[in-house]
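Below, each chain spelled out in residue letters.
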Amino acid sequence: MVPVGDRLQDTSINEQLARSGILVAALDFRAPPAASYPGSVMDINYGIRWLKTQAAKLGSRPDMVCTFGISSGGHMAMLLGMRPRDSRYSAIPLSRGDSALDASVRGVIMGAPVIDPLGRYRYAKQLKESGKPHPEFVDLVLPLHDKYWKTEDAMAEGNPVQALERGENVALPPVLYIQDTRDIVHPRPQLERFVELYRKAGGHVDLELSEGASDAFVPRNPPKALARSIESRDPASPTAMRVVSKIITFVREQTQ
């Protein structure tokens, strides 16, 4: 799906991670009309490789990169994690000529990802075709899917769930999968199918499911809903505190 926002929209989350000692790089990438799939994943693949060239200057190592994304960003983080050496995604060369570097990562953190783009598209279409009233998110996500993917074939090809179903030879970095139990924008059966297939393939998935937090995952604005949930600095919000703590712990475990 087309991302809504820019690299600054998750600043609050990024600042909390940075205060814990995690080096954070927030990336911008092309979206329609500038580019459709796979343009955005090409940009992020390049960003990961570029960051690795700067790791020593920043006091880190190139083999300690994890990725984090929300909604469409979660989808792209996972797709790139599974296909770090895909020649299409790595088509933008590094100016320094570090051809030996690839976009492999130590871990992937997904917040309510569009884990099955085709499945989510068909789910939204079915809701729309059933007649009004249908959930508000339907009228947002359908045109965004069309602009970004162009075709259902592309939605099937750039699809983490279907890549696993096809038995593709993919990388399997550890995954932290965050979602709310009341999230109707990112269907629960698609989460469960991904987790089943990823674990069956030998990958590790750590699920963090919030139990119907009243202020989280608002369908009215799905790309920003999870961000609002975990950006909260309210110490009385156990969901926000638990999720941020889980992200920090996950990153530290993968980069020891």
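Here is a short report on the structure shown in this document. Values in this document were obtained by computation on a predicted structure and should not be read as measured data. Along each chain, residues carry numbers from 1 onward, in the same order as the chain's sequence is written. Only residues with pLDDT of 70 or above have their local features reported here, since the model is predicted, and side-chain atom pairs are shown and tallied only from 80 upward, although totals for entire chains, interfaces and linings are computed over all residues. Hydrogens and water molecules were not included; the side-chain quantities draw on all heavy atoms of the structure.

Whether a residue is buried, partly exposed or exposed follows from its accessible area with a 1.4 Å probe, protein chains only, as a fraction of its type maximum: under 20%, in between, or over 50%, in that order. Numbering goes from the N terminus for both helices and strands, where a helix is a DSSP run of H or I of at least four residues and a strand is a run of E of at least two. In terms of residue burial, strand 2 (residues 107-111) counts as a mostly covered element, since 5 of its 5 residues are buried. Because side chains alternate across strand 2, one face comprises the buried residues G107, I109 and G111, and the other comprises V108 and M110, equally buried. Bridge count for strand 1 (residues 66-70) against strand 2 is 5 bridges, and the pairing is parallel. Opposite C66, over in strand 2, you have G107 as the bridge partner. In this analysis, strands are considered paired if DSSP registers two or more bridges between them. Of the strand pairs in this sheet, strand 2 and strand 3 (residues 175-180) are connected by 4 bridges, and their pairing is parallel. When the sheet's bridge partners are listed, I109 is paired in strand 3 with L176.

Quick look at the environment of D116 now. One can find D116 in the loop between strand 2 and helix 4 (117-129). Sequence separation of D116 and M155 is 39 residues, and the distance between their C-alpha atoms is 8.0 Å. Whether two residues touch is decided by their heavy atoms; if any such pair falls within 4.5 Å, the residues are in contact. Those residues within four positions of D116 in sequence are excluded, and the remaining contacts are N159, V161, Q162 and Q190.

What follows covers the sheet that holds strand 4 (residues 205-210). One open sheet accounts for 4 strands, arranged 1-2-3-4; its pairing is parallel. Of all strands in the sheet, those bounded by a partner on one side alone are strand 1 and strand 4. Averaged over all adjacent pairs, the angle separating strand axes in this sheet is 10°, with direction ignored. In terms of strand pairing, strand 3 meets strand 4 through 6 bridges, oriented parallel. Axis lines are fitted through C-alpha atoms, for helices just across the contact stretch, and the angle between N-to-C directions can take any value from 0 to 180 degrees.

Two quantities define a packed helix pair, namely the angle between the helix axes and the distance between the axes. Close contact between helix 4 and helix 5 (residues 137-149) brings their axes to 9 Å; oriented N to C, the two are set at 135°. Taken as axis vectors, helix 4 and helix 5 run oblique relative to one another. Judged by the twist between their axes, the crossing of helix 4 over helix 5 is left-handed. When helix 4 is examined against helix 5, the residues P117, R120, Y121, Y123, A124, K125, L127 and K128 are found in contact with a partner set consisting of F137, V138, D139, V141, L142, H145, D146 and W149. When an angle is under 35 degrees it counts as roughly parallel; over 145 it counts as roughly antiparallel; between 65 and 115 it counts as roughly perpendicular; any other value is oblique. Rotating anticlockwise by less than a right angle from the far helix to the near helix defines a left-handed crossing, while the corresponding clockwise rotation defines a right-handed one.

This paragraph deals with the nonpolar core. Counting 43 residues, the largest nonpolar core has M78, Y177 and F194 as the members making the most contacts within it. Apart from the residues within four sequence positions on either side, Y177 is in contact with M110, P113, I115, L191, F194, V195, V205, D206, L207 and E208. Working definition of a nonpolar core: buried Ala, Val, Leu, Ile, Met, Phe, Trp, Tyr and Cys residues. They are joined through side-chain atoms within 4.5 Å. By size, the runner-up hydrophobic cluster in this structure holds 13 residues, among which are I109, I178, F250 and V251.

Okay, the packing of helix 2 (residues 39-54) against helix 3 (residues 72-82) next. Between helix 2 and helix 3, the shortest axis-to-axis distance is 10 Å and the interhelical angle comes to 65°. In this view, helix 2 runs roughly perpendicular relative to helix 3, as classed from their interaxial angle. Viewed along their axes, helix 2 and helix 3 form a crossing whose handedness is right-handed. Where helix 2 abuts helix 3, its residues S40, V41, I44 and N45 lie against M76, L79 and L80. Here the nonpolar group is Ala, Val, Leu, Ile, Met, Phe, Trp, Tyr, Cys and Pro; Asp, Glu, Lys and Arg are the charged ones; every other residue, Gly included, is treated as polar. Considered class by class, the residues forming the contact of helix 2 with helix 3 number 5 nonpolar, 2 polar and no charged.

Now for the side chain of D86. Turning to its location among the elements, D86 is positioned in the loop between helix 3 and strand 2. The exposure class assigned to D86 is buried, which follows from its relative accessible area of 16%. Polar contacts, as used here, are pairs of N or O atoms within 3.5 Å; protein pairs need one atom able to donate a hydrogen and one able to accept it. Residues neighboring in sequence count only if both atoms are side-chain atoms. Engagement of the side chain of D86 in a polar contact is seen with the side chain of R88, the distance being 2.8 Å.

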